[in-house]
Amino acid sequence: MSSALTHDFAIAVEPHDIDFMGHVNNARYLNWVQEAVLDHWRSFAPPQAVAAHLWVALKHEITYRKPGFLGDAVVATVLLEKVQGARAVYETVIRRGEDILAEVRSTWCSLDAETLRPARLARDVIARFFPA
């Protein structure tokens, strides 16, 4: 599944993102990853799959490289690495220009929107993220 499509998600650093030290609070990066991953899902999955599935985060591993500041134009680039059963592994790189601010590897679980139980994605849905 190495032919995955990347997805860029634009982020504007706002006053509520800033902590007492004058840079982006570490917790905000996780909010951004969640927003970016869900936007990635909605951008490539068909509407019926979006309506039928919800996503919950199971694990985040984050490496902070450089601080972000108020007014920065930041982009989160999302890549779906693999789908295994109801789980999906994502790599998200958060950049300001050429500077990498953070790298995040996260594992998510797809839930059936009605039962809230783990749900596998159909092969044709997964194929939309990994074109030939």
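Structural notes, computed from the coordinates. (Residues numbered from 1 in each chain as written. Predicted model: local features only at pLDDT ≥ 70, side-chain atom pairs only at ≥ 80, totals over all residues. Heavy atoms only, no water.)

With the rule as written, the count across this model stands at seven salt bridges. Across the pair Glu 81 and Arg 105 runs a salt bridge, and its minimum N-O distance is 2.1 Å. In this pair, Glu 81 sits in strand E3 (residues 73-84) while Arg 105 sits in strand E5 (residues 99-112), placing the two residues 24 residues apart along the sequence. According to the relative accessible area criterion, Glu 81 is partly exposed, its value standing at 25%. One network of salt bridges, with partners in common, ties together Lys 66, Asp 72, Arg 96 and Asp 99. (Salt bridge = Lys/Arg side-chain N within 4 Å of Asp/Glu carboxyl O. Helix = DSSP H or I, 4+ residues; strand = E, 2+ residues; numbered from the N terminus. Buried < 20%, exposed > 50% of the residue type's maximum accessible area, 1.4 Å probe, protein only.)

The next subject is the packing of aromatic side chains. Enumeration according to the criterion identifies five aromatic pairs in this entry. Summarising the aromatic geometry, the rings of Tyr 29 and Trp 32 are spaced 5.2 Å apart at their centres and angled 70° between planes, so their arrangement reads as edge-to-face. Taken together, the positions of Tyr 29 and Trp 32, both in helix H1 (residues 26-44) and three residues apart, correspond to about one turn of that helix. Taking relative accessible area as the criterion, Tyr 29 reaches 2% and is therefore assigned buried. (Phe/Tyr/Trp six-rings, centres within 6.5 Å; stacked < 30°, edge-to-face > 60°.)

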